[in-house]
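Spelled out, the chains give:
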Amino acid sequence: MTTPTSTTLLLARHGQTIWHAENRYAGVSDIPLTGTGRDQAEALGRWAAGHPVDAIWTSPLSRAVVTAEPACRALGLTPRREPGLRECDFGVLEGRTLAEFAAEDPDAAAAYRADPVAHPFPDAEDPTAAAHRGVTALREIATAHPGERVLVVAHNTLLRLVLCTLLSIPPREYRRVLPRLRNTALTELRLSPGGQAALLSLNVPCEPDPRSTMTRGEEPGPIGRHGGPARKS
């Protein structure tokens, strides 16, 4: 049962970008949304109109800010930008695919696949440090909004690292346990004043999309407690 001071966070990955459409790593690079990404942002806005939240926070990167705009318009809210929610810096992999990197340096790619936290890409941000800043950001947001519902628009890798950290899953397992967060899907997380986390739903599309197909190995999300598909990021 939710206590009066616990905070419900609705974590959403931003809409699709050109690089993500091509499976390229986009970390600190400020890549704009595709037309599909803008449509996904509008869908998130429609979800927000039917499931109001008390506040909206975003990563400072434009792909997250733009994704949040329709929800802000629907609810008359001003988004607040949090630097700690920015995506991880992928170093030499910015703008490249893992397959391209593996062709160039197969040993480094194999080490990354085996343990992406112990063996990040060359010149990349330390994943443990990224997880720490992301967790700190969410806890500060929860502290600022006791008893409220908050939409947080951020990024695929950062959110997966944060979820593993908060749920006591070894962060090195983030790629296996959480293969992908769908664009603008929602993950519902409850944070207590003491910082304890409870996962209420995971990676649930904000509305059905007949054009989308599940990636191999993905499973459908649960049904949300507010009606319709369960929310997930």
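Described in the following lines is the structure provided in the data block. (Residues numbered from 1 in each chain as written. Predicted model: local features only at pLDDT ≥ 70, side-chain atom pairs only at ≥ 80, totals over all residues. Heavy atoms only, no water.)

### Re the packing of aromatic side chains
Geometry of an aromatic ring pair is reported as the spacing of the ring centres plus the angle between the planes.
Line of reasoning, step 1. Counted according to the given criterion, the structure contains four aromatic pairs.
Line of reasoning, step 2. Judged by centre distance (5.2 Å) and plane angle (80 degrees), the rings of Y25 and F121 are edge-to-face. Of the two residues, Y25 is situated in the loop between helix 1 (18-21) and helix 2 (35-50) and F121 in the loop between helix 5 (106-114) and helix 6 (127-144); the sequence distance between them amounts to 96 residues. When sorted by exposure, Y25 lands in the same class as F121, which is buried.
Line of reasoning, step 3. An aromatic cluster is built from Y25, F90, F101, Y112 and F121, whose rings are joined through pairwise contacts. (Phe/Tyr/Trp six-rings, centres within 6.5 Å; stacked < 30°, edge-to-face > 60°. Helix = DSSP H or I, 4+ residues; strand = E, 2+ residues; numbered from the N terminus. Buried < 20%, exposed > 50% of the residue type's maximum accessible area, 1.4 Å probe, protein only.)

### Digging into the pairing of strand 2 (residues 55-58)
Line of reasoning, step 1. Here strand 2 shows two buried faces, one formed by A55 and W57 and the other by I56 and T58.
Line of reasoning, step 2. Here strand 2 runs beside strand 4 (residues 149-154); their pairing, made up of four bridges, is parallel. Within strand 4, the residue paired with I56 across the bridge is L151.
Line of reasoning, step 3. Judged from the two bridges that link them, strand 2 and strand 3 (residues 80-81) form a sheet pairing that is parallel. Each residue of the ladder has a partner; that of T58, found in strand 3, is R81.
Line of reasoning, step 4. Between strand 2 and its parallel partner strand 3, the chain crosses via helix 3 (residues 62-75), and the hand of that crossover is right-handed. (Pairing = 2+ DSSP bridges. Right-handed = clockwise from strand over helix to strand, strands pointing away.)

### Some thoughts on the packing of helix 2 against helix 3
Line of reasoning, step 1. Axis separation between helix 2 and helix 3 bottoms out at 7 Å; the angle between their running directions is 30 degrees. Relative to helix 3, the element helix 2 is oriented roughly parallel. Note on packing geometry: the crossing formed by helix 2 with helix 3 is right-handed. Residue-level contacts link A41, E42, L44, G45, A48 and A49 of helix 2 to V66, T67, P70, A71, R73, A74 and L75 of helix 3.
Line of reasoning, step 2. Considering only residue class, the contact of helix 2 with helix 3 consists of nine nonpolar, two polar and two charged. (Axes fitted to C-alpha atoms, helices over the stretch in contact; angles between N-to-C directions. Parallel < 35°, antiparallel > 145°, perpendicular 65-115°, else oblique. Left-handed = near helix turned anticlockwise from the far one by under 90°. Contact = heavy atoms within 4.5 Å. Nonpolar A, V, L, I, M, F, W, Y, C, P; charged D, E, K, R; others polar.)

### With respect to the nonpolar core
It is characteristic of soluble globular proteins that their nonpolar side chains tend to be buried jointly.
Line of reasoning, step 1. Ranked by internal contacts, the top residues of the largest apolar core, which has 38 residues, are L9, L11, F121, L138, I141 and V152.
Line of reasoning, step 2. The set of elements that each furnish at least two residues to this core consists of strand 1 (7-13), strand 2, helix 4 (98-104), helix 5, helix 6, strand 4, helix 7 (156-166) and strand 5 (186-191).
Line of reasoning, step 3. Beyond its immediate stretch of four places on either side in the chain, L9 contacts L138, I141, V150, V152, T187, E188, L189 and L191.
Line of reasoning, step 4. If you look at the next biggest cluster of nonpolar residues, it comprises 16 residues, including L10, A68, V153 and C206. (Core = buried A, V, L, I, M, F, W, Y, C linked by side-chain atoms within 4.5 Å.)

### Description of the pattern of salt bridges
Line of reasoning, step 1. According to the stated counting rule, one finds eight salt bridges in the structure shown.
Line of reasoning, step 2. Measuring nitrogen to oxygen at the nearest pair gives 3.1 Å for the salt bridge that ties R73 to E42. Of this pair, R73 sits in helix 3 while E42 sits in helix 2, and the two are 31 residues apart along the sequence.
Line of reasoning, step 3. Owing to a relative accessible area of 35%, E42 belongs among the partly exposed residues under this scheme.
Line of reasoning, step 4. For E173, the salt bridge is made with R176, and the minimal N-O distance between the two is 2.8 Å.
Line of reasoning, step 5. Exposure remark for E173: the relative accessible area of 23% places this residue in the partly exposed category.
Line of reasoning, step 6. Note on R176: relative accessible area 59%, which makes it exposed.
Line of reasoning, step 7. Salt bridges here are not isolated pairs; linked through shared partners, they connect E22, R24 and E100. (Salt bridge = Lys/Arg side-chain N within 4 Å of Asp/Glu carboxyl O.)

### Focus on the packing of helix 6 against helix 7
Line of reasoning, step 1. Their axes nearest at 8 Å, the elements helix 6 and helix 7 cross at an angle of 75 degrees. Accordingly, the angle class assigned to the pair helix 6 and helix 7 is roughly perpendicular. Judged by residue contacts, P127, A130, A131, R133, G134, V135, L138 and R139 of helix 6 engage L158, L161, V162, T165 and L166 from helix 7.
Line of reasoning, step 2. Its residues assigned to classes, the contact of helix 6 with helix 7 shows nine nonpolar, two polar and two charged.

Function cannot be read off these values alone, since they describe shape.
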